[in-house]
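Per-entry structural report
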Amino acid sequence: MSPTPHPKNERTFLMVKPDGVKRGLTGEIIKRLEQRNLKIVALEMFQATREQIDGHYPKDETWIRRVGGKTLSTYEKYGYDAKEELGTSDDLEIGKMVREWLIAFMVSAPMVRMVVEGVHAVEMVRKLVGPTMPSAAEMGTIRGDYSVDSAASANKEHRAVHNLVHASETAEEAAHETEFWFGGEGRVFSYKRSEEEMQF
Ligand code: ADP
């Protein structure tokens, strides 16, 4: 049996979304990752196509219903009527609408994609980024410090939630997204940060 990999070699995938790029927050986001000792091992600005974003986000019913459910719960929390606003209160129908708005948002301007390596990188990056809905994100997280959107607000304007960053949620998602966006030879690098080279 092969030994389990060292936690410091874990990798995750992160994208600065169009709102992050257009607000000039790319550097700030990278800074927050690097100061937490996470290592950038791949980095690139690019313009996504509709097809790419369609391939990036899951298409299964569970994921679509979960996204639709997020709308329903923020509508409930803030006292909005989903049926009145969106013509339906079905989580699957709403999820499909949101997925379309999300694709339109993600192709609306260039994004910056990267692969980040470090101790428990997937969990660490999600923690630095904060929860999906910026209105629920704590101060000190990227979303909590720089954005203030919610599904109730976004969906009233028939758009996706603007939350600055995408970050993989699980190790499997990270592996899949890294391959999807940085597949091919030599696009993800290996090097030691200077503190790793120090001898104690
Ligand atoms: P995360 O990006 O935090 O992993 P999800 O995978 O659940 O969140 O959703 C993907 C993206 O879709 C979110 O980051 C957000 O931009 C958008 N989104 C999710 N749920 C909604 C919603 N109910 N209304 C509008 N946009 C949403």
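Our subject is the structure listed above.
Residues numbered from 1 in each chain as written. Predicted model: local features only at pLDDT ≥ 70, side-chain atom pairs only at ≥ 80, totals over all residues. Heavy atoms only, no water.

**Some thoughts on the nonpolar core**
If you look at the biggest cluster of nonpolar residues, it comprises 28 residues, and the most contacted ones within it are M15, I53, M106, M111 and W181. Secondary structure elements with two or more residues in this core: β1 (11–16), β2 (39–46), α4 (61–78), α5 (82–86), α6 (91–106), β3 (111–117) and α10 (171–182). Built from parts of two domains, this core gets at least three residues from each of domain 1 (1–47 + 109–185) and domain 2 (49–107). Ignoring any residue separated from it by four or fewer positions in sequence, one finds I53 in contact with A48, I103, M106, V107, M111 and W181. (Core = buried A, V, L, I, M, F, W, Y, C linked by side-chain atoms within 4.5 Å. Buried < 20%, exposed > 50% of the residue type's maximum accessible area, 1.4 Å probe, protein only. Helix = DSSP H or I, 4+ residues; strand = E, 2+ residues; numbered from the N terminus. Domains from an automatic or database assignment. Contact = heavy atoms within 4.5 Å.)

**Topic: α4**
Helix length check: α4, at 18 residues, gives a terminal C-alpha distance of 26 Å against a target of 26 Å (1.5 Å per residue), a fit within 8%. Inspection of α4 places W63, I64, V67, G68, T71, T74 and Y75 among the buried residues, and these make up the whole buried set. All buried residues of α4 fall inside an arc of 140° around its axis, so they share one side. Of the exposed residues in α4, those oriented more than 90 degrees away from the buried face are T62, E76 and K77. Looking at the buried side of α4, the elements it contacts are α5, α6 and α9 (151–156). One or two residues past the end of α4 sits G79, with phi positive at roughly 75°. (Expected span 1.5 Å × (residues − 1). Arc of directions from axis to C-beta.)

**Topic: the pattern of salt bridges**
Taken as a whole and assessed by the stated rule, the structure comprises 19 salt bridges. The partner of R99 in a salt bridge is D54, with the nearest N and O atoms 2.7 Å apart. Residue R99 is found in helix α6, and its partner D54 is found in helix α3 (residues 50–56); the two are separated by 45 residues along the sequence. Ionic contacts of the salt-bridge type, sharing partners, join the residues R11, K39, E117 and E196 into one network. (Salt bridge = Lys/Arg side-chain N within 4 Å of Asp/Glu carboxyl O.)

**Quick notes on the packing of aromatic side chains**
Under the counting rule described, the total for this entry stands at six aromatic pairs. Relative to W181, the ring of F180 has its centre 5.0 Å away and its plane inclined at 80°; by these criteria the two rings are edge-to-face. The exposure class assigned to W181 is buried, which follows from its relative accessible area of 2%. Pairwise contacts between aromatic rings join F13, F46, F180, W181 and F182 into one cluster. If you follow R113 out to its NZ or CZ, it ends over the ring of F46, 4.0 Å from the centre. Here the basic side chain of R113 rests over the ring of F182, its NZ or CZ set 5.5 Å away from the ring centre. (Phe/Tyr/Trp six-rings, centres within 6.5 Å; stacked < 30°, edge-to-face > 60°. Lys NZ or Arg CZ within 6 Å of the ring centre and 35° of its normal.)

**What to know about unusual backbone geometry**
In this structure, N37 is a non-glycine residue whose phi angle is positive, near 70°. Structurally, N37 can be placed in the loop between α2 (26–35) and β2. Of the residues examined, N37 reaches a relative accessible area of 45% and is grouped as partly exposed. Phi angles above zero are rare outside glycine, and H158 is one such case at about 50°. Residue H158 is classed as partly exposed on the basis of its relative accessible area, which comes to 44%.

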